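Read off the chains here:
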Amino acid sequence: MSQVMVVDALAGRVPVGSQVTVKGWIRTRRDSKAGLSFLTVHDGSCFDPIQVVAPNTLANYEDEILRITAGCSVIVQGELVESQGKGQAFEVQASSIEIVGWVDDPDTYPIAAKRHTFEYLREVAHLRPRTNTFGAVARVRHCLAMAVHRYFDEHGFAWIHTPIITASDCEGAGEMFGVSTLDLVNLPRTEEGAIDYAEDFFGRPAYLTVSGQLDVECYCQSLTKVYTFGPTFRAENSNTPRHLAEFWMIEPEIAFADLNDNADLAEDFLKFIYRALLEERSDDMAFFEKRIEPDAIKRLEMFIESSFERMEYGDAIEALKKSGKSFEFPVEWGRDLQTEHERYLTEEYVKRPVVVMNYPKQIKPFYMRCNDDGRTVAAMDVLAPGIGEIIGGSQREERLDVLDQRIAETGLPPEPYWWYRDLRRYGTVPHAGFGLGFERTIQYATGMANIRDVIPFPRTPKNAEF
RNA sequence: UCCCCGAUAGCUCAAUUGGUAGAGCGAGUGGCUGUUAACCACUAGGUUGCUGGUUCGAGUCCAGCUCGGGGAGCCA
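Just so you know, these numbers come straight off a predicted model, no measurement behind them. (Residues numbered from 1 in each chain as written. Chains lettered and ligands numbered in written order. Predicted model: local features only at pLDDT ≥ 70, side-chain atom pairs only at ≥ 80, totals over all residues. Heavy atoms only, no water.)

J.: Would you explain the pairing of strand 11 (residues 225-233) in this entry?
T.: Regular strands place side chains that alternate from one sheet face to the opposite one. The buried fraction of strand 11 amounts to 7 of the 9 residues, a majority that puts the element mostly inside the structure. Note that strand 7 (residues 158-159) and strand 11 share 2 bridges and pair parallel. Residue A158 lies in a different strand from strand 11, and its bridge partner there is V226. Two strands pair when backbone bridges link them, and strand 11 and strand 12 (residues 246-255) are joined in this way by 9 bridges, in the antiparallel orientation. The residue bridging V226 from the neighbouring strand is E253, located in strand 12. (Buried < 20%, exposed > 50% of the residue type's maximum accessible area, 1.4 Å probe, protein only. Helix = DSSP H or I, 4+ residues; strand = E, 2+ residues; numbered from the N terminus. Pairing = 2+ DSSP bridges.)

J.: How should I be thinking about the side chain of D196 in this particular structure?
T.: By the element assignment, D196 lies in the loop between strand 9 (178-179) and strand 10 (206-208). Despite its burial, D196 pairs with no opposite charge, the nearest such side chain being R189 at 9.8 Å. Once you skip the residues sitting within four places of it in the chain, D196 turns out to touch L182, P188, R189 and T190. (Lys, Arg positive; Asp, Glu negative; His and termini not counted. Salt bridge = Lys/Arg side-chain N within 4 Å of Asp/Glu carboxyl O. Contact = heavy atoms within 4.5 Å.)

J.: Hey, could you run me through unusual backbone geometry in this one?
T.: For residues other than glycine, phi is negative in most cases, and the peptide bonds are mostly trans. The residue T224 is not glycine, and still its phi comes out positive at about 70°. One can find T224 in the loop between helix 4 (213-223) and strand 11. Judged by its relative accessible area of 33%, T224 falls in the partly exposed class.

J.: Sorry if this is basic, but what is going on with the pattern of salt bridges here?
T.: Oppositely charged side chains can form a pair if their charged atoms are brought close together. Evaluation of the coordinates by the stated rule reveals 26 salt bridges. Put simply, E217 and R424 hold a salt bridge, and the shortest N to O gap is 3.0 Å. Of the two residues, E217 is situated in helix 4 and R424 in helix 11 (residues 418-425); the sequence distance between them amounts to 207 residues. Take R424: its relative accessible area is 5%, and that puts it in the buried class. Residues participating in the shared-partner salt-bridge network are R139, R281, D283 and D284.

J.: Mind showing me how you'd approach the sheet that holds strand 9 here?
T.: Strands pair in a sheet through their backbones, by hydrogen bonds, and they do so in one of two ways: parallel or antiparallel. Across the sheet, which stays open at both edges, the 3 strands sit in the order 8-10-9 with antiparallel pairing between neighbours. On the outer flanks of this sheet lie strand 8 (165-166) and strand 9, each paired with one strand and no other. By the bridge criterion, 2 bridges tie strand 9 to strand 10 in an arrangement that is antiparallel. Residue pairing for strand 10: G178 is matched across the bridge by Y207.

J.: Whenever I open this one, the layout of surface pockets confuses me. Can you help?
T.: Remark: the empty space left among the atoms is shown by a probe the size of a water molecule rolled over them. Looking at the second largest pocket, its volume works out to about 1,100 Å³. If you trace the second largest pocket, you find 35 residues lining it, with R27, R130, T131, N132 and T133 closest to the centre. Those elements that place two or more of their residues in the lining of the second largest pocket are strand 2 (19-32), strand 3 (36-42), helix 2 (118-123), helix 3 (132-154) and helix 6 (282-292). Per-element tally for the lining of the second largest pocket: the top contributor is helix 6, with 6 residues. (1 Å grid on protein atoms, 1.4 Å probe; cavity = no way out; pocket = protein on both sides within 12 Å on 5 of 7 lines; lining within 4 Å. Points joined across faces, edges and corners; volume = space filled by probe spheres on them.)

J.: Looking at this model, I keep getting lost on the environment of G71. Mind explaining?
T.: Relative to the elements of secondary structure, G71 occurs in the loop between strand 4 (50-55) and strand 5 (73-82). The class for G71 is buried, based on a relative accessible area of 13%. Sequence-wise, G71 and D315 are 244 residues apart; in three dimensions their C-alpha atoms are separated by 56 Å. Setting aside chain neighbours within four positions, we find G71 in contact with W25, I26, V103, Y109 and R130.

J.: When you look at the protein's contact with RNA strand B in this model, what are you seeing that I'm missing?
T.: Inspection of the region around RNA strand B gives 53 residues, with K86, R122, T240, H243 and R440 positioned closest. The contact atoms of RNA strand B, taken as those within 4 Å of the protein, divide so that sugar and phosphate hold 50%. At 2.6 Å, a side-chain N or O of N237 approaches a phosphate oxygen of RNA strand B. Elements that contribute at least two residues to the surface near RNA strand B include exactly strand 2, strand 4, strand 6 (90-101), helix 2, strand 12, strand 16 (388-395) and strand 17 (431-437). Class assignment of the residues belonging to the surface near RNA strand B gives a composition of 15 nonpolar, 21 polar and 17 charged. (Near = heavy atom within 4 Å. Polar contact = N/O pair within 3.5 Å; in protein donor to acceptor, adjacent residues only side chain to side chain. Nonpolar A, V, L, I, M, F, W, Y, C, P; charged D, E, K, R; others polar.)

J.: Before we go on, may I ask you to explain the nonpolar core in this structure?
T.: A general trend in soluble globular proteins is that nonpolar side chains are found buried together. Formed by 60 residues in total, the largest nonpolar core has its most connected members in F269 and Y274. Of all the elements, helix 5 (residues 259-280) adds the most residues to this core, at 12 residues. Excluding residues within four positions of it along the chain, F269 makes contact with V148, Y151, F152, I250, F434 and L436. (Core = buried A, V, L, I, M, F, W, Y, C linked by side-chain atoms within 4.5 Å.)

Below, the structure is given as C-alpha cells:
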C-alpha cells in the first residue's frame, strides 16, 4: 500500500490492480443512490484530479463520507482500477477514506465549487492555489523557472546571486524602496538637520535592488557567461496589469559579445523555455487554451517556429509614420516608443515578436554603448504581441572615456560608480545583456491578463496582504 | 500619479421617473441517478463599502473617503 501521486496514477504508471494510497484535497462529491459516492481528489501533481469511488459499505460512509465538501483533506486507500464511467481512464476503488481535515463552514468556504472572478480570488490569495487556474499557473511558473536554469546551465552560464540590498541607485531610474533600521519616529539628524545615515545599519542610505545588472557585469568580466534570476523591486506607483512592486527578473550578461549576439541569445533563450513548457505542461496549457486564451498554444508554437523580426529604431519610426494610423502620441525620431506604437509594430506591422534596436541615446541610460553615428546607443527591446515589452537590453559601454562622458551628460555623480568604472580600466571587453520580466514571460505563455495572477502573492501599491 | 468605470446574499449579478430587496450558482434538507458543469423540489441566507448631506422617504441623488477594475505614464 504505497502512496501514489495523482499524476502517476492517471498517466498509467501504476499497474491496474495495485493497492494504493492517495492523499489530497476534495474538489467535488457526487452521491449515487446506487450505494456509492464519487469524490474527485486533487494533489496538485498535475491538472486533473483522480476519481475515488466510495461504496456505502465503508464504515464511515453515512456519518462522514456524505458530509464531505470541497476543500476537505483526505487519505484514501484502495485499489487502482480501470474506470467504468466516462471521463477518466483510471479511478480508485476505496477501501478506506480518512478525513484528515474538515472544512469549517462549507457555506462560507471561499473556494466554492463554482467559478470565481480573479479579482475576488486575489482577496483570498492564500486559498486560490486550490483552483484550477492558480494550480496551473503555479506549475507553469515552476516549469519555466526550471527551464530558465536548465538553458543557462546547458549553455555554460553561471548563476550569480547578486545582492538584494544595494547601497546606490545605480541606474538612476525608478523609485527604490529604502532599507533602514533607523527609528522613523525619532530620526538621527546631522548638524545641518538632514537625516544622519551614518547612524543607519549600513552607515549610508540603502535600498532594495531594482536590477542586478551592474553587479553581474563584474562576474561577467571573469566568468564570461553569467545570469541573475531573483526578486527585483520598484517603488513606482504603477497601477497596471503589467507592473508589480516585487517581481522576478532574469538578467543574462555575456562577454566578448555585441548587440547582435545579445539578440541571438534572447531569441534562442525564449524559444527554449517555451518549447520546454509546451512539452512538459501540456495538461495545463490545454486548460489555458480552453478557458483563458484560445490561441495560447498556437501562439507559443508560432513564437517558437518563426524568427524574430529585427528592426532598427529609425526604421520603426519610418514604419509608424507610414502606417496611416493616427496615434495619440507623436511619432518622431528622438522620442521613445509609446505602448500604442509598440503594439502596432508587433501586432499589426510584423505580427510576431520584434526586436527594435539602436535607440537615440538621449532616451536611454548611461551604460548603453554609444554607436559610431554619435546619436544612437546599442539598445534593444523585444516586443511581443499582446504583452508589449518583454525584454529590455543593450550592449554595454566598455570604453572608460565614453562611459565617463555619458555619466557626465546624464548628470550623475561619478563617485558611486568607481567599481563599475574599474571594470573598464582593468581588461575591459565588449559585453552585452538584457533583462527579462519573469511574470510577463508567464503572462505571455498563459494568456493571463493581469500580472497579479501569475505570482503567488502580488505586491502592488496599497497591497501587501499575505 | 492622471482619466474613466464600479462596490447589493458565501460568489456572480438584477432592482422602471427616489417608494417595503430579487435571481442564478454555492450551502443545507429530501428525491433520483456509475456519477463527472449532474438533475428535480424545498429551506436558510442582507446595517446595499464607509462617513456625512438632500428628501416625508435613498440601493437609487450630492460630497468626501476606502477598496477594486480598465486605459495612460513609468518600466520588466
